[in-house]
Amino acid sequence: MWVNKLIVFLLVAVFLITSVQNSAFAREIVVDANNSSADFRSIQEAVSNSSSGDVIFVYSGFYNESVDIGVQNISILSDSENPNDTIIRALKLSANNITVSGLSIRENLVLKGRPTDEVSHGKIENCTVKNNILESGVYADQCYNSTIEKNVVLNSGISIEGPWADSNFTISDNLIVNGGIGISHGSDNCVLFNNTLLNGGIGVVEGGSYKILGNYISNSPESGIFLSEASSDIENNTIVNCSNGIYITRFTGSNIVYNNTLMSNDKGIYVGDSGGNLFSNNKILRNNIGILVGGFTMEQAGVNSLLNNTISNNNIGISLEDDSSGNLVSNNRVELNKQYGIYINQVSESPYNGTNRFYNNIFNNTINFFNDTGNYTGNYYIAKATNISAGKISVALNTTKTSGTNIIDGSYLGGNFWAKPDRTGFSQTCNDWNRDGIGDSVYTASAYDVDSLPLVSRSKDQQPVFPVANFSVNVTAGYVPLSIQFTDFSQNATSRIWDFDNDGVTDSTDKTPVYVYPISGTYTVNLTVSNANGTSSRLYPVTASNRPQYNLTETQITTNKSNQTMPVIYGDKIIFLDDRNGWRHYDIYMYDLFTSKETQITTNSLYYDPNTKLAIYGDRIVWADYRNEKKDLYMYNLSTNKEIQITNSGKAGNPAIYGDRIVYTDIRDIRSGNADIYMYDLSTSRETQVTTNESRQEYPAIYKDRIVWQDYRNGNDTRSKTDIYMYNLSTSAETRVTTSGLASNPKIYGDRLVYMNGSQIYMYDLFTSKETKITAYESIQFSPTIYGERIVWEDYRNRNNDVYMYNLSTHTETQITSNKSGQSSPAIYGDKIVWMDSRKYTDVFPYANLDIYICNISEIDPLLKTPVADFFANITSGNAPLKVLFTDNSTGSPNFWHWDFGDSIKSKRALNATHTFTEPGEYDVSLTVTNENGSNTRIMPKYITVSKNK
């Protein structure tokens, strides 16, 4: 036992002696570039000859060297403590426990460990960078427990990356000019405190537990503070003149934003795809938008709390957009905002997080609350005319009546205090005869939103009797022409004015009027009643919808739990790709609608491209096949059950077939790599090269003797310009069809070509040489195809891909699919439309269950047909002022006409109309006609051209 004690004693003695010796050997090293008697004239030389514990004093001067500090536990200090006279070109800290102070560093300062292999490097920790001038900023990678403080950083910033762990980095009391602070890749538990950033901001990406405290940030061209996939406490910061004061987005949640001042930004606080945040006790002043809460539920938006904030003198106080839901807005003062106190423009994508709740706030603005959701014109969120609220996020403007001190010191919590700066607001004038601090009547904030428990503060002797507007309707929605009976139930009113479409024009003063809505749309009914003491209004929405033009019968064709993609149809035969025999190894299958029988066409296990274009005509199926590690065309004949190889170049693709003719692309010019259009005649077994231009040609289509394709020749093959060309086999003539440089993906049927032009669908009539814009909705439309009078395409207007159809003979558009998943790659034959459907798709391996669906279209009862709008003008061009007579040429016995002349002037009920165009320009003119079965619109783009009168 005594031997063990002796060993321990000796070890302790050795440790103490070693410690004393190491301390005794720590040195002060002098570096002076201008003095030969100094220890060293080079900083790098001093570092290379230093040991742990040494302090290197650098005398004033310019040191044109890039110093790598790879010795632990040393300090590099300016002897003068004035960074203006001690200048180093560049500096790298690659060891632990290093202090750098009092220097001016020209190029860069890097904190990064030594390489451990070809791609990785070690970590460093416990470094301090302070009191320096850093002209090119600081970059730290895999650095722990370090401090950057009291530096001046010019024309750059501070960037911290890694280490996907608690870095415990502190950045404080720095002045940063024309740069920012960026932290990324999991550098957790950082503290950013009391920094001043001029012309820059703070950005945090991927990480948690940050504290951003007491910083002053101004004039950032982007965001003052930006968070993405990060969580932080953001407190006591002042942010002015930035694009966004605080911007929180992309899977960022549970942030605390407290006691900040945000002034003169475009958006004071912008909450994007983020949820579960607390915004409390902030002063949000003189911004364009005080707080914008947006984003999408699928990106974790919503369930934010806005509490005890002062939101004043902005253009818009609080704006709720997209489908952010489940938010709480309470105990805020929203005052003196120029346009709106609250602005809402929301539609939802289910599932969402519930109601947005507003209660116990003071609203004191000229317009306190504006819900713009009713102006949404898409079809996705209003599934049925009988359900006006379908898909719209609900808003609650009061909680239940509960005892407790409210925001105006009343005795109950309920709704909000609705004031106006001129003291004519509802809560400033509403009666409260029982003195409970809750108004005697409800407050109608918008057509959709009512505060049932508005807060008031009026003594009993100040309360005159005001009118209270109220009315009922017999129906709220239906098909045009929609007739609605209105009944006035207002109280204390001596007069009334009905405005059935809220356009500011009086439509009736009767107590029980009937109004007919002849054109589809969502309308806001406004009843205003008056007496000697004032006025009261109530708003209410109604929806008039077009009667369906077709009966649509949808059927699921495939039920296999694999992927079925890229359908085409001819007659009763649907052809598609299927990977049931091996994930991402596709075979071709056929489904016969007449026999309800499915047949496997190919059995080649090497076939793998899910986007390969299939083509069918009669009994012939054509496709591009990769079975020989080359891409060639093959054809299968359903009547003979035989397969033949069409090409052997190894680079053919994109086939289309009509009769005996197959057209396709082939890349045979190895030098340019550009594709040309070829044709193969099955009756003669002869191949013909159709195009010889040195640019690229793609996506051919064929109908009888006409071949069309997408061509890059007018953009020098930069893919910046594409047009549609046509080749006539009977005349051997090539024609340029479009000149926009934006046309692509053509299809042809008869004399009509359809194609994409930018993000819209267009049609070109070869017989009349006239181009027509098919789609008018400003969303993305693609994959058009045509059969007869019907054009179908894939449309993204409803935030998911749907299939739409346009009938050229009736000028009507019909939404074919309405499922909230994606429907894509439509094809049409006669009354049948097929597509690829993702409603049962799973986004986990093996990423399967895309299916093929079909819609059978049948005309409605001819007795229920709507009219078909048409018109002509006596003159279509001339000098301003140009007087034009428009004559109705519609069919189907319309009894209502609505003209839109494209210059913001409309005529509601004229059969024929005369209109004078006073300004030069090109004008789109439209006519909507209605009968008892519905309405129809004809739009003529750029129909009238008015020139300047010389």
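What counts and how
- Residues numbered from 1 in each chain as written.
- Predicted model: local features only at pLDDT ≥ 70, side-chain atom pairs only at ≥ 80, totals over all residues.
- Heavy atoms only, no water.
- Helix = DSSP H or I, 4+ residues; strand = E, 2+ residues; numbered from the N terminus.
- Buried < 20%, exposed > 50% of the residue type's maximum accessible area, 1.4 Å probe, protein only.
- Contact = heavy atoms within 4.5 Å.
- Areas by Shrake-Rupley, 256 points an atom, 1.4 Å probe, with all protein chains shown as cover.
- Pairing = 2+ DSSP bridges.
- Axes fitted to C-alpha atoms, helices over the stretch in contact; angles between N-to-C directions.
- Core = buried A, V, L, I, M, F, W, Y, C linked by side-chain atoms within 4.5 Å.
- Phe/Tyr/Trp six-rings, centres within 6.5 Å; stacked < 30°, edge-to-face > 60°.
- Salt bridge = Lys/Arg side-chain N within 4 Å of Asp/Glu carboxyl O.
- pLDDT = per-residue confidence, 0-100.
- Polar contact = N/O pair within 3.5 Å; in protein donor to acceptor, adjacent residues only side chain to side chain.

An unreviewed UniProt entry lists the protein chain under the name Cell surface protein, with Methanosarcina spelaei given as the organism.

Details of the overall build of the protein chain
Of regular secondary structure, the protein chain possesses 3 helices and 94 strands. In the protein chain, which comprises 950 residues, the proportion classed as buried is 51%. Within the protein chain, counting contacts between residues at least 6 apart in sequence, those at least 24 apart form 45% of the total. Approximately 41,600 Å² of the protein chain is accessible, and the part contributed by carbon and sulfur atoms is 47%.

A closer look at the sheet that holds strand β66 (residues 632-637)
Read from one edge of the open sheet, 4 strands run β64-β65-β66-β67, paired in antiparallel fashion. Two strands close off the open sheet at either side, each with one partner strand: β64 (615-617) and β67 (642-645). Ignoring strand direction, the axes of neighbouring strands in this sheet form an average angle of 20°. Sheet analysis places β66 next to β67, joined by 4 bridges and oriented antiparallel. Pairing of Tyr-636 across the sheet is with Glu-643, part of β67.

Description of the side chain of Ser-228
Examined against the element boundaries, Ser-228 turns out to sit in strand β26 (residues 223-235). Not counting residues up to four positions away in its chain, the partners in contact with Ser-228 are Val-204, Val-205, Glu-206, Thr-249, Arg-250 and Thr-252.

With respect to the nonpolar core
In terms of nonpolar packing, the biggest core is built from 82 residues, with Ile-69, Leu-93 and Leu-111 touching the most fellow members. Leave out the neighbours within four places in its chain, and Ile-69 touches Val-47, Ile-74, Ile-76, Leu-91, Lys-92, Leu-93, Ser-94, Ala-95, Ile-98 and Val-100.

Structural notes on the packing of aromatic side chains
Applying the stated criterion to the full structure yields 40 aromatic pairs. Centre to centre, the rings of Tyr-617 and Tyr-658 are 4.8 Å apart; their planes meet at 50°, and the pair counts as tilted. Within this pair, whereas Tyr-617 is found in strand β64, its partner Tyr-658 is found in strand β68 (residues 652-658), the two being separated by 41 residues in sequence. Among the aromatic side chains, those forming a connected cluster through ring pairs are Phe-471, Phe-486, Trp-498, Phe-500, Tyr-515, Tyr-517, Tyr-523 and Tyr-540.

Remarks on unusual backbone geometry
The amide bond that connects Val-480 to the next residue, Pro-481, takes the cis arrangement and shows omega of -5°. If you trace the backbone, Pro-481 turns up in the loop between β53 (477-479) and β54 (482-488). Here the amide bond leading from Ala-880 into Pro-881 is cis, since omega sits at -5°, within 30 degrees of zero. Within the chain, Tyr-699 stands out as a residue other than glycine whose phi angle is a positive 50°. As for its placement among the helices and strands, Tyr-699 is situated in strand β72 (residues 697-703). The residue His-811 is not glycine, and still its phi comes out positive at about 60°.

Topic: the pattern of salt bridges
Applying the stated criterion across every chain yields a total of 29 salt bridges. Measuring nitrogen to oxygen at the nearest pair gives 3.3 Å for the salt bridge that ties Glu-135 to Arg-106. Taken together, the residues span a long stretch of sequence, with Glu-135 in the loop between β11 (133-134) and β12 (138-141) and Arg-106 in the loop between β7 (104-105) and β8 (109-112) at a distance of 29 residues. The closest approach of N and O atoms between Asp-572 and Lys-832, which form a salt bridge, is 3.8 Å. Residue Asp-572 is found in the loop between β60 (564-570) and β61 (573-578), and its partner Lys-832 is found in strand β85 (residues 832-837); the two are separated by 260 residues along the sequence.

Some details on the pairing of strand β20 (residues 181-184)
Of the strand pairs in this sheet, strand β16 (residues 158-161) and β20 are connected by 4 bridges, and their pairing is parallel. Of the residues in β20, the one forming a bridge with Ser-159 is Gly-182. Note: β20 against strand β24 (residues 202-213), 4 bridges, orientation parallel. When the bridges of β24 are listed, Ile-183 appears paired with Val-204.

Quick word on the environment of Gly-295
Note on placement: Gly-295 falls in the loop between β36 (289-293) and β37 (305-307). A relative accessible area of 5% places Gly-295 in the buried class. Placed 46 residues apart in sequence, Gly-295 and Thr-249 show a C-alpha to C-alpha distance of 8.0 Å.

Points about the sheet that holds strand β55 (residues 495-499)
What the 4 strands build is an open sheet, ordered β53-β58-β57-β55; its pairing is mixed. Two strands in the sheet have a free side with no partner beyond their single neighbour: β53 and β55. Averaged over all adjacent pairs, the angle separating strand axes in this sheet is 25°, with direction ignored. Summarising the sheet, strand β57 (residues 521-531) and strand β58 (residues 534-545) pair through 11 bridges and their orientation is antiparallel. Its bridge partner being in β58, Val-529 is matched across the sheet by Ser-536.

Focus: the confidence of the model for the protein chain
Summary statistics for the protein chain give a mean pLDDT of 87 and a share of 89% for residues scoring 70 or more. Here residues 1-24 is a poorly scored stretch, pLDDT under 50, and it has 0 contacts once near neighbours within four places are set aside; other chains count. Ignoring residues within four places in sequence, the model shows residues 375-391, a span with pLDDT below 50, making 38 contacts including any to other chains.

Here's the deal with the side chain of Glu-698
With respect to the secondary-structure elements, Glu-698 resides in strand β72. What makes Glu-698 buried here is its relative accessible area of 9%. Of note is the side chain of Glu-698, whose polar atom sits 2.8 Å from the side chain of Tyr-712.

Topic: the environment of Glu-28
Position of Glu-28 relative to the elements: it lies in strand β1 (residues 28-31). You can call Glu-28 exposed: its relative accessible area is 61%. Sequence-wise, Glu-28 and Ile-56 are 28 residues apart; in three dimensions their C-alpha atoms are separated by 5.9 Å.

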